[in-house]
Amino acid sequence: MKQSPLLSVKNISVDFGSGRKKFRAVSNVSFDVYESETLSLVGESGSGKTTIGRAIMRVHPISEGEIIYRGERISGDLTPKAERLVHQKIQMIFQDPMASLNERAKIDYIVSEGLYSFHLFKDEAERVAKVEQALRDVGLLPEFATRFPHEFSGGQRQRIGIARALVMEPELLVADEPISALDVSIRAQVINLLNKLKRNKSLTYLFIAHDLSVVRFISDRIAVIYRGRLVELAQSEDLFRKPLHPYTRALLTAVPTPDPEIEKKKKIIVYKPAARSPDEPAPSWIEAEPGHFVLGTEKEVNSWLKL
Amino acid sequence: MSGALLLSAEDLVVQFSLRGRKLTALRGASLELFEGETLAVVGESGSGKSVLAKTFLGMLDKNGTITAGSIQYRGKDLARLSRERDWLEIRGKKIAMIFQDPMTALNPLKTIGEQIREVIELHRGMDRRQSKIETLKTLEAVGIQDPERRYRQYPHEFSGGMRQRVVIASAVACKPEILICDEPTTALDVTVQAQILDLIKALKAEYAMSVLFITHDLGVVANVADRVAVMYAGQVIEQGTVDEIFTDPRAPYTWALLASLPQLGVKGEDLFAIKGTPPSLFKEIKGDAFAPRNPLALEVDFVAEPPIFDVSPTHWAKTWLLDPRAPAIRPPDSVLRLREKLLAERKLS
Ligand SMILES: Nc1ncnc2c1ncn2[C@@H]1O[C@H](COP(=O)(O)OP(=O)(O)OP(=O)(O)O)[C@@H](O)[C@H]1O
Ligand SMILES: [Mg+2]
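Residues numbered from 1 in each chain as written. Chains lettered and ligands numbered in written order. Predicted model: local features only at pLDDT ≥ 70, side-chain atom pairs only at ≥ 80, totals over all residues. Heavy atoms only, no water.

A.B. asks: Give a detailed account of the environment of A:V14, specifying residues and quantitative values.
C.D. replies: Residue and element names in this part refer to chain A. Here V14 is to be found in strand β1 (residues 7-16). Look at V14 and you get buried, because its relative accessible area is 0%. Setting aside anything within four residues of it in sequence, one finds V14 in contact with F23, R24, A25, V26, T51, A55, H60, P61, I62 and S63. (Helix = DSSP H or I, 4+ residues; strand = E, 2+ residues; numbered from the N terminus. Buried < 20%, exposed > 50% of the residue type's maximum accessible area, 1.4 Å probe, protein only. Contact = heavy atoms within 4.5 Å.)

A.B. asks: Would you mind going over the packing of aromatic side chains in detail, with residue names and values included?
C.D. replies: A complete count under the given rule lists 11 aromatic pairs over all chains for this structure. Here B:Y232 and B:Y253 contribute two aromatic rings whose centre-to-centre distance is 4.5 Å and whose plane-to-plane angle is 45 degrees, an arrangement assigned as tilted. Here B:Y253 lies in helix α11 (residues 252-259) and B:Y232 lies in strand β9 (residues 227-232), a separation of 21 residues in the sequence. Since its relative accessible area comes to 2%, B:Y253 is described here as buried. Here B:Y232 and B:F290 contribute two aromatic rings whose centre-to-centre distance is 5.3 Å and whose plane-to-plane angle is 80 degrees, an arrangement assigned as edge-to-face. Of this pair, B:Y232 sits in strand β9 while B:F290 is found in the loop between α11 and β11 (309-312), placing the two residues 58 residues apart along the sequence. Here the aromatic cluster, defined as three or more aromatic residues joined through ring pairs, consists of A:Y109, A:Y116 and A:F121. Note that B:R150 overlies the ring of B:F158, its terminal NZ or CZ placed 4.5 Å from the centroid. (Phe/Tyr/Trp six-rings, centres within 6.5 Å; stacked < 30°, edge-to-face > 60°. Lys NZ or Arg CZ within 6 Å of the ring centre and 35° of its normal.)

A.B. asks: Now, about the confidence of the model for chain B: what can you tell me, with residues and values included?
C.D. replies: The pLDDT averaged across chain B works out to 91; a share of 98% of its residues lies at or above 70. This prediction of the complex comes with two scores: 0.89 for pTM and 0.83 for ipTM. (pLDDT = per-residue confidence, 0-100.)

A.B. asks: Describe the interface of chain A and chain B, listing the residues and the values that go with them.
C.D. replies: Taken together, the contact between chain A and chain B spans 36 residues of the former and 46 residues of the latter. When the two sides are added together, the surface that chain A and chain B hide from each other amounts to roughly 3300 Å², 58% of it contributed by carbon and sulfur. On the surface where chain A and chain B come into contact, there are one salt bridge. With a closest N to O distance of 3.8 Å, B:K267 and A:E237 form a salt bridge. (Buried area = accessible area lost by both parts, 1.4 Å probe. Salt bridge = Lys/Arg side-chain N within 4 Å of Asp/Glu carboxyl O.)

A.B. asks: Residue-level account of the site of ligand 1, with values.
C.D. replies: Residues and elements named next belong to chain B. As a matter of local geometry, ligand 1 sits amid 16 residues, with S45, G46, K49, S50 and D61 nearest to it. Here a nitrogen atom of ligand 1 and a side-chain polar atom of D61 are 2.8 Å apart. The protein chains hide 73% of the 640 Å² of surface that ligand 1 would expose on its own. Mapped onto the shell around ligand 1, the elements with two or more residues apiece are β1 (5-18), β2 (21-34) and α1 (49-55). By residue number, the principal contributor to the shell around ligand 1 is α1, which donates three residues. In terms of residue class, the shell around ligand 1 is made up of six nonpolar, six polar and four charged. (Near = heavy atom within 4 Å. Polar contact = N/O pair within 3.5 Å; in protein donor to acceptor, adjacent residues only side chain to side chain. Areas by Shrake-Rupley, 256 points an atom, 1.4 Å probe, with all protein chains shown as cover. Nonpolar A, V, L, I, M, F, W, Y, C, P; charged D, E, K, R; others polar.)

Laid out in structure tokens, this is it:
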């Protein structure tokens, strides 16, 4: 997987508020997303996952660092051309299929919205064809185009949300908890759909989620965030087999498994950040094992590796 | 099971009237809760889990009524209880409930301490001073540090997990016999969820309660439950010990529910997904309600509703597959793999 990355997030920080109320939601975060992979960001609510996704989508300005897409900077002030690139090639899917669709618009308009704003069609016939194709891609019938969102189930609405992103022919999909609001059975349908689209359209996903069982199933690599900082990043199976950072370990043991025997014996770990004395070196981003990165001091990482 | 039968619902039917139409949310649901146990109720959204729980507290929405069936509890039929005065003897005092969203259960304008204290004063007939002391004790019992200071704070000053602890505190403050938890951890992060589950288990032991735990997460079921009731379209379709449900499920819907778990998926392959959606509860349902979504459905499933078949003294299921005349049909591979895995672990330990 050692091509050049599709997306590089380089040392970004995001601040909210100003003056004394200033609050750093994301702090010095870096990672790369390679073409055709699924990279997942996991962490508790408020850890900054969604903020990172939105910073990439240019919803939140970043206060430090830069974001590079196919070698071009897409953060900060942009030329209209670069701006267009972001809004077409990177699409977002949201958590709540109910809230993210305009209730009064027909599906046809909802799916076409991006096409209209960027005039991505020659004529009406082409627009209709694109919408119908996007609906088919997500397993919906083209005739659904004339209906309204409230006529659909949660799973179908999430498909509509995905169709709306696909119609733009994106390369990168930022999916922010796209299945958390869905029921178990529908969840499986949407996971399968996302995986199929990834294969058939060679899409790349940045997947933001807190449900680790789903994340393990769909991700190639996983990045763990704690209070606005990346604390660990590894191949998905490596992370589950050998979590290094104490926060990652606490997170993984907390995930319930469908096994009564194991669950009944489980001892939960509560993570408390270690207090550091000022003469200790600051933690840094260390490659502990090939492709397995963790935030810690040299000494800490060595001790975690021995566990 | 551990104790005597404490609460039982028999063939409960609940209907809601909605703009002139009738929705049948419970279509003859039966369930037993024994003393000292945790019974998990699982099932898809809309299957009737919350409605069932609310019937035990006389808390159905105004447009809903119990039209048939009974709820036996300590010699009373709760399904026949209509006077609010009678319910006050039970609700909160004998049977308490924790809801999914802790924010809706708390009054944002009152301090945490006052909210719990009032419950104690009302239900346990204590005076102000006594009920305050009891409140502080309860706050401590649910793991809230510095209860004196926390007593004077408002809900918004608490994190999601802390708020859920407060809600739990006010539910157990009156030492109820039965604690009903309706998805108490769905809105929480996994690490916080794990702590809340531990807390509920600890309080259950400390206060000698029986727990009815509603969830759609089978991992959570494995963690908390002694027994499991699986609901589909307004009925309990299978009930058994947690081991029976995980290693020897019998109803096709239970198979489907287990098979959709991402933990049972094989990376790179499709996850098992249940096709379609649950049936409309506005219409009359013929046969086995799951049949239209069940690729393995038998002909009889579309015609007649299956009765309850016993699998063991603690395990029953409502599926024609258990009829002696039914063909032998195997559960999906992933369910068999789960069974193998769990049984192998048993042998090891
Ligand atoms: N006040 C009401 N009026 C009309 N229908 C209702 C009312 N309350 C519940 N229902 C319906 O009863 C059925 C069962 O609902 P219930 O809330 O018990 O489902 P649930 O299993 O708890 O689902 P979830 O997992 O989503 O919480 C649903 O079809 C629901 O729409
Ligand atoms: Mg419910």
